[in-house]
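# Inside the fold
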Amino acid sequence: MQRFGKTRCQHNVIQNMDSTSLVKDCLKQKPAAQRQLYELFAPSMLGVCYRYTKSVKDAEDILQEGFVKVFRHLKQYKGEGELGAWIRRIMVTTALNYLKRNRKYQMEMAFEELSLHPVTDQNPVLILQAKELSDLIRQLPTGFQTIFNLYAVEGYTHGEIGGMLGISEGTSKSQYARARYLLIQWIEARSSSSKQEYYGNK
């Protein structure tokens with residue numbers, strides 16, 4: 001069956017061509033191009049920054065700091081891979097540095113060795129909206145929240161996370177297991193409460 005519109009491969013090629021042109025114009029210090037790059041990626045990158053913080057204001061601070069670094073280091077982008085992925089890595093690193101130096105997050109970023117909690121490989125059969133799950137993740141202590149996002153969302157290995165946060169691979173694994181355990185408990189509690197309300201109203 002013939003598909004209408006551009007294929008995914010064609011779309012990526014066009015996107016990379018557009019990104020390459022946009023980057024070149026930004027490197028020439030063209031204000032319109034810099035504004036376009038910011039407006040193109042700022043909304044999604046704000047979501048990335050917010051995932052690591054407890055408030056929109058903190059996320060906005062990280063976003064601004066992150067884009068300063070993006071424009072400062074833009075010449076290092078060689079067009080290999082998507083521009084959005086390159087910018088995302090800068091935002092994640094900026095968020096981690098923000099948490100480490102911000103006093104209100106420092107205490108919760110003091111990682112300790114934890115014994116692994118029993119966590120099954122089977123997630124509860126529950127359906128949550130993306131926003132609901134994001135809200136639950138944000139309720140985790142900052143250390144748990146950070147490692148859960150780095151591993152489950154960004155796709156870093158525990159070895160890589162250990163290097164980024166200055167902790168052992170084992171600590172990263174145990175913190176992730178604890179975060180996952182808490183999330184499962186909260187999701188199950190929310191599901192149980194929803195069922196009671198549903199049947200109670202019938």
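Residues numbered from 1 in each chain as written. Predicted model: local features only at pLDDT ≥ 70, side-chain atom pairs only at ≥ 80, totals over all residues. Heavy atoms only, no water.

Moving on, we get to the overall build of the chain. Scanning the chain from terminus to terminus reveals 9 helices and 0 strands. The order of helices and strands in the chain, counted from the N terminus, is α-α-α-α-α-α-α-α-α. By residue count, 35% of the 202 residues in the chain fall in the buried class. When the accessible surface of the chain is summed, it comes to about 12,900 Å², and 53% of that surface belongs to carbon and sulfur atoms. (Helix = DSSP H or I, 4+ residues; strand = E, 2+ residues; numbered from the N terminus. Buried < 20%, exposed > 50% of the residue type's maximum accessible area, 1.4 Å probe, protein only. Areas by Shrake-Rupley, 256 points an atom, 1.4 Å probe, with all protein chains shown as cover.)

This part takes up the packing of aromatic side chains. Enumeration over the complete set of coordinates arrives at 6 aromatic pairs. When the centroid spacing of 6.2 Å and the interplanar angle of 35° are considered together, the rings of Phe67 and Phe71 count as tilted. Here Phe67 pairs with Phe71, and both are found in helix α3 (residues 56-72), just 4 residues apart, close to one helical turn. Since its relative accessible area comes to 28%, Phe71 is described here as partly exposed. One aromatic cluster is present, built from ring pairs that chain together Tyr38, Phe67 and Phe71. Arg138 extends its terminal NZ or CZ atom over the ring of Tyr50, reaching a point 3.5 Å from the ring centre. (Phe/Tyr/Trp six-rings, centres within 6.5 Å; stacked < 30°, edge-to-face > 60°. Lys NZ or Arg CZ within 6 Å of the ring centre and 35° of its normal.)

On to the confidence of the model for the chain. The predicted structure's coordinates, where accompanied by low pLDDT, should not be read in detail. When pLDDT is averaged along the chain, the result is 81, and 76% of the positions lie at 70 or above. Here helix α1 (residues 8-27) is the element of the chain with the lowest mean pLDDT, 65, and α3 is the one with the highest, 97. This model gives residues 1-17 a pLDDT under 50, and the stretch forms 6 contacts once residues within four places in sequence are excluded. Low pLDDT (under 50) marks residues 113-127, which in the prediction has 25 contacts with non-local residues, meaning those over four places away or in another chain. (pLDDT = per-residue confidence, 0-100. Contact = heavy atoms within 4.5 Å.)

Once that is clear, we can look at the nonpolar core. One finds Leu37, Val70, Leu83, Ile87 and Met91 to be the most contacted residues of the largest nonpolar core, which totals 46 residues. For this core, the secondary structure elements donating two or more residues are α1, α2 (31-51), α3, α4 (83-101), α6 (130-138), α7 (142-153), α8 (158-165) and α9 (169-200). With sequence-adjacent residues up to four places away left out, Met91 is seen in contact with Met45, Val48, Cys49, Ile62, Leu63, Gly66, Phe67 and Val70. (Core = buried A, V, L, I, M, F, W, Y, C linked by side-chain atoms within 4.5 Å.)

By the element assignment, His158 lies in helix α8. In this view, His158 contacts Tyr151, Glu169, Ser172, Lys173 and Tyr176; residues no more than four positions away in its chain are not counted.

This brings us to the pattern of salt bridges. Under the definition given, this model contains 9 salt bridges. Glu154 serves as the salt-bridge partner of Arg51, at 3.6 Å between the closest nitrogen and oxygen. Within this pair, whereas Arg51 is found in helix α2, its partner Glu154 is found in the loop between α7 and α8, the two being separated by 103 residues in sequence. Judged by its relative accessible area of 24%, Arg51 falls in the partly exposed class. Here Asp135 makes a salt bridge to Arg138, at a shortest N to O gap of 3.6 Å. (Salt bridge = Lys/Arg side-chain N within 4 Å of Asp/Glu carboxyl O.)

The subject of this paragraph is unusual backbone geometry. Phi is positive for Gln29, close to 65°, though the residue is something other than glycine. You can see Gln29 is positioned in the loop between α1 and α2. A relative accessible area of 57% places Gln29 in the exposed class.

Relative to the elements of secondary structure, Thr142 occurs in helix α7. The exposure class of Thr142 is buried, given its relative accessible area of 0%. The spatial distance from the C-alpha of Thr142 to the C-alpha of Met107 is 8.9 Å, given a sequence separation of 35 residues.

What follows is about the environment of Thr53. In this fold, Thr53 is placed in the loop between α2 and α3. When the C-alpha atoms of Thr53 and Tyr105 are compared, they prove to be 8.8 Å apart, with 52 residues separating the residues in sequence. In this structure Thr53 touches Asp58, Ala59, Ile62, Tyr105, Arg138 and Gln145, once residues within four positions along its chain are discounted.

Below, the discussion takes up the environment of Ile87. Structurally, Ile87 is set in helix α4. Among the residues examined, Ile87 registers a relative accessible area of 0% and is labelled buried. Separated by 18 residues in sequence, Ile87 and Lys69 place their C-alpha atoms 9.3 Å apart. If sequence neighbours within four positions are ignored, Ile87 has contacts with Leu37, Phe41, Met45 and Val70.

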